[in-house]
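# Reading the structure
Next come the chains, spelled out residue by residue.
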Amino acid sequence: MVGSRVITDGGPADPFAGLDAYLGLPHVSGLWMSPGGSRLVTGVTRANREKNRDVTALWEVDAGPAGLKQPGC
């Protein structure tokens, strides 16, 4: 989109301003569907608070208007 910007939690307004800002963005990896097809789960990886290691959380993808949510929330 023209003129759009991605804003992350407490991060810089322009994640492409530098390599550190870009690497600090959360990223999605993998996509798993339950055997019955009722649940779709993905891994979301981001840096920890100290920014010295990556931490991955599992998120459930809802095809409805609710969007992406972390299981158990």
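To be clear, the structure that these remarks concern was listed above.
My aim in this report is to walk through the structure given alongside it, one point at a time. These numbers come from a predicted model, not from an experiment.

### Examining the side chain of Thr45
- Locating Thr45 in the fold gives a position in strand β2 (residues 40-47).
- Taking relative accessible area as the criterion, Thr45 reaches 6% and is therefore assigned buried.
- A polar contact of 2.8 Å, which involves the side chain of Thr45, links it to the side chain of Thr56.
- Filtering out sequence-adjacent residues up to four positions away, Thr45 remains in contact with Leu25, Pro26, His27, Ser29, Asp54, Val55 and Thr56.

### A closer look at the pattern of salt bridges
- Applying the stated criterion to the full structure yields 1 salt bridge.
- Across the salt bridge formed by Arg39 and Glu60, the nearest N and O atoms sit 3.6 Å from each other. With Arg39 in the loop between β1 (27-33) and β2 and Glu60 in strand β3 (residues 54-61), the pair connects residues that are 21 residues apart, well separated along the chain.
- With a relative accessible area of 16%, Glu60 lands in the buried category.

### A short note on the pairing of β3
- The sheet contact formed by β2 and β3 spans 8 bridges and is antiparallel. Its bridge partner being in β3, Leu40 is matched across the sheet by Val61.
- The turn linking β2 back onto β3 is made up of 6 residues, and Lys51 within it adopts a positive phi angle of 60°.

### Side note on the environment of Trp59
- Position of Trp59 relative to the elements: it lies in strand β3.
- Owing to a relative accessible area of 24%, Trp59 belongs among the partly exposed residues under this scheme.
- A C-alpha to C-alpha distance of 5.5 Å links Trp59 and Val41, two positions 18 residues apart in sequence.

### Observations regarding unusual backbone geometry
- Positive phi values are uncommon outside glycine, yet Lys51 reaches one of about 60°.
- Along the polypeptide, Lys51 turns up in the loop between β2 and β3.

Rules and cut-offs
Residues numbered from 1 in each chain as written. Predicted model: local features only at pLDDT ≥ 70, side-chain atom pairs only at ≥ 80, totals over all residues. Heavy atoms only, no water. Helix = DSSP H or I, 4+ residues; strand = E, 2+ residues; numbered from the N terminus. Buried < 20%, exposed > 50% of the residue type's maximum accessible area, 1.4 Å probe, protein only. Polar contact = N/O pair within 3.5 Å; in protein donor to acceptor, adjacent residues only side chain to side chain. Contact = heavy atoms within 4.5 Å. Salt bridge = Lys/Arg side-chain N within 4 Å of Asp/Glu carboxyl O. Pairing = 2+ DSSP bridges.

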